[in-house]
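Single-letter residue listing:
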Amino acid sequence: MTTTAGWLRRQLAGILALALMVTAFLVGRPYFASAAEKEDVAGRYAFTSHSVALPGGFPLQTIRKVNKDYKKIDAWISSVGAAIAMDDLDGDGLANDLCTVDTRTDQTVVTPTPGERAGRYQPFALTSGNLPMGRAMAPMGCVPGDFNEDGRTDLLVYLWGRSPILHLQKAGVSALSADAFQATELVPASAGPSYTGPIWNTNVATVADFDGDGHSDIFIGNYFPDDSRVLDDTVSGGVEMNDSMSRGFNGGRNYFFRWTGGTGGAQPTASFQRVDDVLEEEVSTGWELGATSVDLDGDRLPELFLNNDFGPDRLLHNRSTPGKLKFAQVEGGRTPLTPKSKAIMHDSFKGMGSDAGDFNGDGIYDFFVSNITTPYGIQESNFHFVSTAKDKTDLRTQLSQGRAPWEDRSAQLGTAWSGWGWDVKIADFDNSGDPAIAQATGFVKGSVNRWAQLQELATANDGVVHSPLSWPVVNAGSDIAGGQTLAFFAKTADGRYANVSEELGLAVPVPTRGIATGDADGDGLLDFAVARQFDVPVFYRNTSPSKGAFLGLRLTHESAGPATSSTSTEGLPAAGIPVIGAQATVTTADGRTFVGRVDGGSGHSGKRSKEIHIGLGENVTGPLRVHLTWRDLTGQPREQDLQLTPGWHRLQLGSQAKEK
């Protein structure tokens, strides 16, 4: 007996460790939906794919020219840039216009969504006008917004090789075309044929009223270090890679731009003030690939969630005042069963994109984050962060104390693994009241498998990875996750999720990058468009057999912006100044709660339309209690309770909300 007790005492540490490992496995083991569950879930959805019309006449490429030091990894360097956005550009009241970046031509294209109204104008590429350009530049994304507050939808195009360009829509034009937009520098540069502005390599931008002054500001997230001539194949040097695979803080700086004025008319203008040193050095110099802006705690100041390749993601609590931008990092808590990378601000995964939505109906926004999740390749996991706060008051208190009360439940919910993730959009595509998750995946498509060499790099010493010479050959013909397909996670009957992309015909083996959502035909079902890397974009019309109701809100400012008075009333109608950041909380008769927001461009390279769409589920017919919150153009916080019926509504927001 004594001998047995002594043996048990000696082995106690090992026994406890084994018990802890078994418990961790049972708690965190990933869930995978059965074939029967997938079939049942997929029956709620249907999408019809359509080709997107693009202008011809441009030479096609399959890979970019890059700095000589990047030659051995030119396919890796060429792996981003496909982007897409849905919005109402011509003021017809529908989100039936696309702005897409085609990596095959390095052109930013405006084109109508396929359908009955596709003939409103011919697809065209935006031009830089008199702005200086160069061969070592390429567009990476397009963000719609009203950047001079004249009521017309403009386009912000961000690039590698220069600072972003604002394409301001002119008044008095009869149809959309390249001539309908005035190219304007976001960052003032010296006049002349040669570009003299900063050399940035931007991979993400989002628009929101960050300082609460009533006007939309711009966040620019850069990837490669500033002044890196990434796309200049005539030079060697002046470029580097990340200085760590998990704590890379040598990327490009992030920048904020505060709106300072604008004019409308035939020669519109917009001006923004660059605000430096808003973020701490390590936060500002991550390798940015995604950003989500959303007001989490109800103070009408949007928080900012940054997704970094090669380093921890950052959730920034907004503590700004008009004219003064200020953010504070908040971090997730851990238990003995929580891996370090599952806590916000402590992860070492490759953050590629994110979105916010309410997964559990508690009225608090949750997050989904794309990472690299390829079995037998690099198997991290996506993050499916669900709020653990009691309510908004508790959330506000915890954020003010530096805590981020969100817990990753990707393994339990079945969303942990999908592939090499990129953009993600959380949306209710069948009006069931349960949002689905659409996620872009895939990396480089070719015929020579390079996973083994990539795995060697992933385990390399941080002291050498910053040099391109340390990287494996990834050039034309290389394949890394090239056959991965779009993921579409939908909620099952027991509250977990099933990836039903294959069942819905969405599983096309082409690397995808950006996802844009919007109701292109006004039928109450969200459609979506997908940007594909070195391939044609595709539009998916929603033909789901939905029996659910929905509430749709198109919200514009009631009072005219400072540029509106000079705008001609002739030509295309103005869509109105979108109330970016406005939120709606809907309560149904049976006590369920839903939230939605006017998003200014969250994600990686896909941008949703600036409307609120909330699925309500079946048997919802009576008036809905809708609580609206917003800031007017003076920066004054506003809120109002309304009774609205299901369906689409147009509201103008000033001191009060008025149905238009």
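Residues numbered from 1 in each chain as written. Predicted model: local features only at pLDDT ≥ 70, side-chain atom pairs only at ≥ 80, totals over all residues. Heavy atoms only, no water.

The chain goes by RNA-binding protein in an unreviewed UniProt entry, where it is assigned to Planobispora siamensis.

## Quick look at the overall build of the chain
Helix and strand counts for the chain come out as seven helices and 39 strands. By principal-axis analysis of the C-alpha atoms, the chain measures approximately 95 × 65 × 45 Å. The burial tally for the chain puts 62% of its 660 residues in the buried class. Pairs at least 24 apart in sequence give 65% of the contacts found in the chain among residues at least 6 apart. Split by element, the accessible area of the chain, about 24,400 Å² in all, is 51% carbon and sulfur. Distance between charge centroids for the chain: 4 Å, based on 57 positive and 77 negative side chains. (Helix = DSSP H or I, 4+ residues; strand = E, 2+ residues; numbered from the N terminus. Buried < 20%, exposed > 50% of the residue type's maximum accessible area, 1.4 Å probe, protein only. Contact = heavy atoms within 4.5 Å. Areas by Shrake-Rupley, 256 points an atom, 1.4 Å probe, with all protein chains shown as cover. Lys, Arg positive; Asp, Glu negative; His and termini not counted. Charge placed at Lys NZ, Arg CZ, Asp CG, Glu CD.)

## Observations regarding a negative patch on the surface
The grouping of Glu39, Asp40, Glu502 and Glu503 at the surface amounts to a negative patch. Along the chain, the position of Glu503 falls in the loop between β27 (497–499) and β28 (512–518). Given the relative accessible area of 39%, Glu503 is considered partly exposed. (Patch = residues over 30% accessible without salt bridge, like charges linked within 9 Å, V, L, I, M, F, W, Y side chains within 5 Å. Salt bridge = Lys/Arg side-chain N within 4 Å of Asp/Glu carboxyl O.)

## Quick word on the state of the cysteines
Within this structure, the stated rule accounts for one disulfide. Shown here is the disulfide that connects Cys99 with Cys142, its sulfur atoms set 2.0 Å apart. Here the disulfide of Cys99 and Cys142 is right-handed, its torsion about the S-S bond being about 100 degrees. Remark: Cys142 occurs in strand β6 (residues 138–145) and Cys99 occurs in strand β3 (residues 97–102); sequence separation between them is 43 residues. (Disulfide = S-S within 2.5 Å.)

## Remarks on the sheet that holds strand β29 (residues 527–532)
One open sheet holds the four strands; their spatial order is β1-β30-β29-β28, and the pairing between them is antiparallel. Every interior strand has two partners, whereas the edge strands, β1 (47–51) and β28, have only one. Averaged over all adjacent pairs, the angle separating strand axes in this sheet is 25 degrees, with direction ignored. Sheet topology note: the β1/strand β30 (residues 538–542) ladder contains five bridges and is antiparallel. Considered in β30, the bridge of Thr48 is made with Arg541. (Pairing = 2+ DSSP bridges. Axes fitted to C-alpha atoms, helices over the stretch in contact; angles between N-to-C directions.)

## Considering helix α5 (residues 392–400)
Within the sequence span of α5, burial applies to Asp394, Leu395, Gln398 and Leu399. In a view along the axis of α5, the buried residues occupy a sector of 130 degrees, so they form one face of it. In this structure, the buried residues of α5 make contact with β16 (314–318), β17 (327–330) and β21 (406–408). Where α5 begins, the capping side chain belongs to Asp391, and its oxygen is found 3.2 Å from the backbone nitrogen of Thr393. (Arc of directions from axis to C-beta. Polar contact = N/O pair within 3.5 Å; in protein donor to acceptor, adjacent residues only side chain to side chain.)

## Thoughts on the nonpolar core
Counting 101 residues, the largest nonpolar core has Trp76, Ile218, Trp420, Phe429, Phe488, Leu555 and Leu628 as the members making the most contacts within it. Val294, Leu315, Leu399 and Ala404 belong to the second-largest nonpolar core, a separate cluster that totals 21 residues. (Core = buried A, V, L, I, M, F, W, Y, C linked by side-chain atoms within 4.5 Å.)

## What about the sheet that holds strand β8 (residues 165–169)?
Ordered in space as β6-β7-β8-β9, the four strands form an open sheet in which the pairing is antiparallel. Strand pairing shows two members of the sheet lacking a second neighbour, β6 and β9 (181–185), which therefore form its edges. Direction aside, neighbouring strands of the sheet carry axes that sit 25 degrees apart on average. Pairing analysis gives seven bridges linking β6 to strand β7 (residues 154–160), with the strands arranged antiparallel.

## Things to note about the environment of Gly238
Residue position: Gly238 is located in the loop between β11 (217–222) and β12 (255–263). Residue class for Gly238 comes out exposed when judged on its relative accessible area of 63%. Considering only alpha carbons, one finds Gly238 and Ser228, ten residues apart in sequence, at a separation of 5.9 Å.

## Comments concerning the pairing of strand β22 (residues 421–427)
In terms of residue burial, β22 counts as a mostly covered element, since seven of its seven residues are buried. Pairing of β22 with strand β23 (residues 436–441), which is carried by five bridges, proceeds in the antiparallel orientation. Pairing of Lys425 across the sheet is with Ala438, part of β23.

## Things to note about the packing of aromatic side chains
Scanning all chains against the criterion turns up 36 aromatic pairs. An angle of 35 degrees between the planes, with centres 6.3 Å apart, marks the rings of Phe124 and Phe181 as tilted. In this pair, Phe124 sits in strand β5 (residues 124–125) while Phe181 sits in strand β9, placing the two residues 57 residues apart along the sequence. Given the relative accessible area of 8%, Phe124 is considered buried. Of the residues examined, Phe181 reaches a relative accessible area of 6% and is grouped as buried. The rings of Tyr70, Trp76, Trp160, Tyr223, Phe224, Trp287, Phe310, Trp420, Trp422, Phe443, Trp451 and Trp471 are connected pair by pair, giving a single aromatic cluster. For the cation-ring pair, Arg554 lies above Trp648, with the distance from its terminal atom to the ring centre recorded as 3.9 Å. (Phe/Tyr/Trp six-rings, centres within 6.5 Å; stacked < 30°, edge-to-face > 60°. Lys NZ or Arg CZ within 6 Å of the ring centre and 35° of its normal.)

## Points about the pairing of strand β19 (residues 366–370)
Within β19, five of the five residues are buried, which leaves it mostly tucked inside the rest of the structure. Looking at chain direction, strand β18 (residues 353–357) and β19 are connected through five bridges and run antiparallel. Bridge pairing links Asp355 to Phe368 in β19. Strand direction decides the pairing type here: β19 and strand β20 (residues 383–387), joined by three bridges, are antiparallel. Across the sheet, the residue bridging to Val369 is Phe383, located in β20.

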